Amino acid sequence: MADRTSSSITIGAGRSTIMAVIADFPSYPEWAGQVKKAEVLETGEDGRASRVRFVLDAGVISDEYVLGYDWDDDAGVSWRMVETGKMLSGLTGSYRLAENGGGTEVTYDLAVDLKVPMIGMIKRKAEKVIVDTALKGLKRRVESR
């Protein structure tokens, strides 16, 4: 099992507004820096994506892969890799949203497994960059709407 990287940020909006941005995968290249393309392949009965193909360029980790999604209404979403890429053998994560008075606390967990050997410290740094960039981008995107 991979080590997980986790971080949180408070966003000045309600859970449904934040979750609408998270669920809008085609717009990810506009705010999630490392995501160069996100294509919804399948949707579930709730109308939200259940399988999404990504093209990622996060410096030392660049790849194309497919993630499967499980939605918990507007409280959170989790994902797991369903088609591996050239470098990534596993990718699991989640966004958890909790209202906290003046906004919503968003917690992002991520675990990355690689097919190629990489020093743990470098891999964790790449995970942290992905998580921090995604949270800051999400905050900017939601609060600018």
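Everything here concerns the structure above.
Caption draft 1: Spatial organisation of the side chain of glutamine 34. Relative to the helices and strands, glutamine 34 is located in the loop between helix H2 (28-31) and strand E2 (35-43). Among all residues touching glutamine 34, those that are not within four sequence positions of it are Val55, Leu56, Asp57, Ala58, Val129, Ile130 and Thr133.

Caption draft 2: Representation of the pairing of strand E5 (residues 76-83) within the structure. The pairing of strand E4 (residues 61-72) with E5 spans seven bridges and is classified as antiparallel. Opposite leucine 67, over in E5, you have methionine 81 as the bridge partner. Between E4 and E5, which pair antiparallel and follow one another directly, the connecting turn spans three residues, one of which, aspartate 73, has a positive phi of 50°. With five bridges joining them, E5 and strand E6 (residues 88-99) adopt antiparallel strand pairing. Pairing of serine 78 across the sheet is with serine 94, part of E6.

Caption draft 3: Quick peek at a negative patch on the surface. On the surface, Glu45, Asp46, Asp72 and Asp73 cluster together to form a negatively charged patch. Mapped onto the secondary structure, aspartate 72 falls in strand E4.

Reading the values: the criteria
Residues numbered from 1 in each chain as written. Predicted model: local features only at pLDDT ≥ 70, side-chain atom pairs only at ≥ 80, totals over all residues. Heavy atoms only, no water. Helix = DSSP H or I, 4+ residues; strand = E, 2+ residues; numbered from the N terminus. Contact = heavy atoms within 4.5 Å. Pairing = 2+ DSSP bridges. Patch = residues over 30% accessible without salt bridge, like charges linked within 9 Å, V, L, I, M, F, W, Y side chains within 5 Å. Areas by Shrake-Rupley, 256 points an atom, 1.4 Å probe, with all protein chains shown as cover. Salt bridge = Lys/Arg side-chain N within 4 Å of Asp/Glu carboxyl O. Lys, Arg positive; Asp, Glu negative; His and termini not counted. Charge placed at Lys NZ, Arg CZ, Asp CG, Glu CD.

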